[in-house]
Every structure is written in C-alpha cells, then in structure tokens.
Amino acid sequence: MAVPQDRIRNFCIIAHVDHGKSTLADRLLEFTGTVDKRDMQAQLLDQMDIERERGITIKMAAVRMAYTAKDGLEYELNLIDTPGHVDFTYEVSRSLNACEGALLVVDAAQGVEAQTLANANLAMNANLEIIPVINKIDLPAADPDRVAEEIESVLAIDATEAIPCSAKEGIGIEEILEAVVQKVPPPAGDPTKPLRALVFDSHYDGYLGVVAYVRIVDGTLKAGDKVHFIATGKEFPVSEVGTFAPRMRPAELLRAGGTGYFHAAIKSVTDARVGDTITVAGREGKAVEALPGYRPAKPMVFCGLYPHDSSDFPNLREALSKMQLNDAALSFEAESSAAMGFGFRCGFLGLLHMEIVQERLEREFNLALLATAPSVIYHVYKTDGTMEVIDNPANWPTTTTIERTEEPYVDATIIVPTDYVGAVMEMGRERRGIQDRMEYPAPGRVMLYYKLPLAEIIMDFFDQLKSRTKGYASFDYELSDYSPSPLVKVDVQVNADPVDALSFIVHRDKAFPRGKMLVEKLKEILPRQMFEIKLQAAIGGKIIAAERVSALRKNVIAKCYGGDISRKRKLLEKQKEGKKRMKQFGNVEIPQEAFMSVLKLGN
Ligand SMILES: Nc1nc2c(ncn2[C@@H]2O[C@H](COP(=O)(O)OP(=O)(O)OP(=O)(O)O)[C@@H](O)[C@H]2O)c(=O)[nH]1
C-alpha cells in the first residue's frame, strides 16, 4: 500500500481529559475501515485495562489508516495517540514531534480547559498545523460558537474553520479526514540519507522484547539493519519492522516520513528510551545528528512501598522489575524501615503515575502493599558547603548541619467559572502559592496562573480543587525550578520510638499544624492496647505536638469479690509491671490508614 511521501499525513489528537479523544479516534478508524465496527472493542487505542477503567490515556499508540480522499487519491494517515495527563507531558511532547498536524478537540459544552491550553501550547511549540474540532455538538448544552470564540481568545488559534463534530454520533468525521489531508503538510525528510528516526514510544512484549515506535525522519529501516541508539549508545540488529493497523502488522520497509515499529530483542525499555534518536550502526550513522530535545524520564515523586506480608518482599521486587521493563520512568531501590521492614523506595513521574503503579502491583501481582507518604526531591545546602539531594525523609541531614533548603516549584494554570475565583484564591494561599496573573478569556471564566510548590500539589491538591469548585475547575502544571524554602523534617514517635515511615518534610510554618493534625489522627486510628500509647511529633529533639491513647484497662480485680485487700493490691502491681513490659517491648500495629492520613491531612 506504499503511497508517495507527499500522500503521507502524520497527526495526533490533543484534548482535555474527557473531551472525546478516544471516541473520535475510534470513529476515524471505523470510517477508514481500519477496524471493523463489529470487531471494535470500545476504545481500542486505550489498550490497558486500568486506562479504560479510569478513562484516561496513559500509553500512546500509533495507527496507520488508508483513506481515499475526495480528490480520488489514496492517503496514508498515521494517527499517533498521546497520553492525556500532566504526569506524561514529556511523552506528549515526543509524540507531537512525530507529527506534522494535530486535531485539537474541544468539548462543545465545556469549552477550553487547562489541558486544552497546555496541549495546544505544546503543539504550537512543535510547529504543528492545528485543526480545531468542536466535539459533542449533539449535547443539549453544546454552544459551538462560544467555544470557537474561546479557542480564538484563549489559544490564539483561528477557529473560523473549526469542524463541528459528534464523535458519539459520527457527525463531522469525513470533514475531519479531509481537513487532515488538505491542511496537514506531508512529512519532509530524505529517504536516500542515512537513517534518522525518533523513538516516540515503546512497549514491552514478553516474546519480542521491546517494541519501539518510531517516526522515520530520514532514510529507511528494515529487518536485518543494525540500529544505533544515539543517547544510550546501544546497538541492536532489527528483527522486524511494521505498522500498527491497528494491531502490529509486519512490513518490508519503513521509509522517511512514515511511522511504525521495530523490535530487536531489546530486553528493557531503558535501552530504547522515548525521545532517543536511532540511526544505523557504523561509520555512516556516526555523522547523523540526534534529533533535539531528548531527556531521560526523571521521577519527581517518591514513596516507600512495603509488602504487608514481609515474605512478599521478593515478589514485590520481581513485580517492580517486570513493570520497569515497560516503564522507563519508574525507579526503585531496596530500603528498610524499622517500622515496616524491607521494602522499596520508588520514584514516579507524578501522583497519577504513582497511583497507577500501586494499583497494578496490587491487582496484577496480587500484592498487599503499604505506601508511605509521597515526597518530592529537596535540595539541602549544608554548612560545609555541600549540597544534598533528598527524596526520602529518612536521609534528611541533622538540623545543625543545614544552612538552607530549596524545594521544586511548578507553574500552574487553573481555569474556573468566575463564581469560584474566591475558592481557588483561598486554596492558592493555603498551598503557599504565588499568584502570577489572572485573565478573563471568555465571559464568565477566569484563568489563574500560579507558582506553587510541587509538594503542595502531590498532597491531594486536585481533589480539593475539584471539590471546592464543584468539579468545574480544570488544572494543569509544569515543573519550573527550585526556590528557597525553610523546610524541616517532622518525626513521629510512638511511645518515644520514632516511626521512620511516618516522618515527613514540610515548610516550617506548617510543621506545627501538620504535626498536630497527624498525632490527632493517629490517636483516632490506632486501636487501643493494654498499655498507654504516647504519640508525639518532633523537630530534631523538640516535641511540637503530643497525644495519648489511653490503655484498655483489664479489670483484674473483678474476680476478687470482697477478697482481702492485699491480694487486690498484688494483682494491681502485677498488672502495672505487665504494662511496663508491654511498653518496653510493645509493638504497636499501625494501620495503612495512618500512613495515608499523613498524605491526606491537607493543610
Ligand atoms: N454526547 C457526546 N458524548 C461524547 C462524544 N464524544 C465522546 N463522548 C463521551 O465523552 C466521554 C469521554 O470520551 P473519551 O473519548 O473517553 O474522552 P478522552 O478525551 O479520550 O478521555 P481521556 O482518554 O481520558 O483523555 C465518554 O463518556 C464518551 O462517550 C460526543 O460527541 N457526544
């Protein structure tokens, strides 16, 4: 089905969550006959179960469609799916770089939301031809004219030719395909040059190893070629190349301008990094320059994961290793905690990534896990002139050696109806945000720009924002930089023993309220024991908050009706001794809720 290069179109769909990206992709596949309507499993592009359940797109996929346009010619349309969540911004930008155009899908009832803006900006930075699509026009609340105005005023994108569409009812699908053919430029690139291709995604297959998704910029790629990964320096002989149609279909050759996959018995996705450039091994390839913008995925949020049952430790290691085969952004290393035994310190791209990994470990690998409160990466400048990078409260240096501390900040955008501006601003203050500016992009709507500490966002920010704005706020952020911040580590002690897994790092002004709330919460949650439990929060040696869980008093004298008083006293003495011993060796069981309460405390 090889068509000339000028009849190839590489494009993607970008949208805010739930605006209908997957539904539209399904319709395009159906319309072009790429999949049979009967065979169509709902939303084929979202291949993972959890993705489907949560209705979010995490992994990208690429599908080739053959489309005969109204000009009578056959075109090759490559649809590249992009993940929709802020944790995966880097992956979004990689997949955009594999395209020349983007369908910008906006819900006709909801209008432009925070991720519409973020994704449109990424697409503009990648110099893509943007085709606005106003979806869900079948909804009674649809207001396509207002949404078109918003696209123009908020995104500065010409929306006079925005395509009205209902992905659900199949309206506007052909118009969209025609617009892709007419407006998206064909790929540039020279098939006669040495191979240069962008790895824009990959997945791990138990039999084939890593399947790398590539956009060929120059040259060609076929089975038997030896490829060289420029960033990692690794080389592999290619076993097979092909396209997704929508499942993997082997092909003889991938050519400049096209997209597809190859596999080459690569054992881990860390060897075939998203964003890396491949070329041919040997002298010819050495002269090829890497495509710009590569960086390895860097975990931003960390937490300790511990098996509930300590004998599951090796199983957890195996499960994490297996997941890492498919997820280059996941990091882990063994650690031990006095309170929780052996486990792993794990690093994630963001909160959603963390939740997904935990959920999959529990569901797919049948592991019961305890997770410690998430932490970001702090910079600690010490009095001896050195700087330490800390992602675990356990490694926080002693107070006297610290000169100053810094924490990561993000640039956040919040779009909200005017009625809720007060609620958002209040939250911004509580979360130590610095308001940058405020814009009124359309009647009744406000855009607020904030600088916020990342640590405040991983603490339940989005849920809070949603509940305080009755679900109307949309939110997006990107990492900006590190700023000075007076941070302290708060230790939590149960009967004077520090419970390392409950320690947290926090802004000095919030140490007291959070310490207090935490011990209060612990008091509520901890089951009473035969002995008294003392709960304390402390900075360094200084106690900042304390609570007591009183002992369950076993009524030892109940049986001694009227007996002599000395016997009663003896029994009471014995009970006291018992209590002491319990205290000394006492092992208080702390339920998972207690750990989660640290996270959920809010502010
Ligand atoms: N009424 C109506 N509903 C639609 C239309 N298109 C999509 N939907 C619904 O909107 C919801 C979200 O659609 P999806 O296609 O899953 O949205 P998405 O943008 O892919 O969401 P993510 O995968 O989370 O990014 C689903 O319940 C769809 O059935 C449409 O044209 N009209």
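Residues numbered from 1 in each chain as written. Predicted model: local features only at pLDDT ≥ 70, side-chain atom pairs only at ≥ 80, totals over all residues.

Draft legend 1. Layout of the domain arrangement of the protein. The domain boundaries assigned to the protein delineate domain 1 (5–183), domain 2 (196–287), domain 3 (301–372), domain 4 (378–484) and domain 5 (489–602). With centres defined by C-alpha atoms, the gap from domain 2 to domain 3 works out at 30 Å. Between domain 2 and domain 3, the contact holds 7 residues from the first and 4 residues from the second. Split by residue class, the side of domain 2 that touches domain 3 holds 3 nonpolar, 3 polar and 1 charged. (Domains from an automatic or database assignment. Contact = placed C-beta atoms within 7 Å. Nonpolar A, V, L, I, M, F, W, Y, C, P; charged D, E, K, R; others polar.)

Draft legend 2. Region of interest: the sheet that holds strand β17 (residues 301–307). Pairing is antiparallel across the open sheet formed by 4 strands, whose spatial order is β18-β19-β17-β20. For this open sheet the edge positions go to β18 (331–337) and β20 (369–371), each flanked by a neighbour on one side alone. Between one strand axis and the next, the sheet turns through 30° on average, direction left out of account. Where β17 meets β20, 3 bridges bridge the pair, whose relative direction is antiparallel. Bridge pairing links Y306 to L370 in β20. The strands touched by helix α9 (residues 351–364) within the sheet are β17, β19 (341–348) and β20, with β20 carrying the most contacts at an inclination of about 160°. (Pairing = 2+ DSSP bridges. Helix = DSSP H or I, 4+ residues; strand = E, 2+ residues; numbered from the N terminus. Axes fitted to C-alpha atoms, helices over the stretch in contact; angles between N-to-C directions.)

Draft legend 3. Focus on the environment of S95. Mapping S95 onto the fold places it in helix α3 (residues 89–97). You can call S95 buried: it has 29 C-beta atoms within 10 Å. Linking S95 and L465, residues 370 residues apart in sequence, is a C-alpha distance of 29 Å. (Buried ≥ 20, exposed ≤ 12 C-beta atoms within 10 Å, placed from the backbone.)

Draft legend 4. Inspection of unusual backbone geometry at higher detail. The phi angle at R432 is positive, at roughly 65°, despite the residue not being glycine. With respect to the helices, strands and loops of the structure, R432 is situated in the loop between α10 (421–430) and β24 (434–442). One non-glycine residue with positive phi stands out, namely N495, at about 50°. Mapped onto the secondary structure, N495 falls in the loop between β27 (487–494) and β28 (497–498).

Draft legend 5. Molecular detail of the pairing of strand β8 (residues 209–218). Where burial is concerned, most of β8 is hidden: 9 out of the 10 residues are buried. The pairing of strand β7 (residues 196–205) with β8 spans 9 bridges and is classified as antiparallel. Paired with L198 across the strands is R215, a residue of β8. Where β7 folds back on β8, the antiparallel hairpin that results is connected by 3 residues. Across 5 bridges, the pairing between β8 and strand β15 (residues 259–263) is antiparallel. Across the sheet, Y213 pairs through a bridge with Y261, a residue of β15.

Draft legend 6. Main features of the UniProt feature "binding site: GTP" (unreviewed entry) in the protein. The UniProt record marks D18, H19, G20, K21, S22, T23, N135, K136, I137 and D138 with the feature "binding site: GTP" (unreviewed entry), using the residue numbering of this structure. Its place among the elements puts D18 in the loop between β1 (8–15) and α1 (21–31). Looking at the element boundaries, K21 is found in helix α1. What makes K21 buried here is the crowd of 27 C-beta atoms within 10 Å. (UniProt positions renumbered as here; feature names shortened; annotations may be inferred.)

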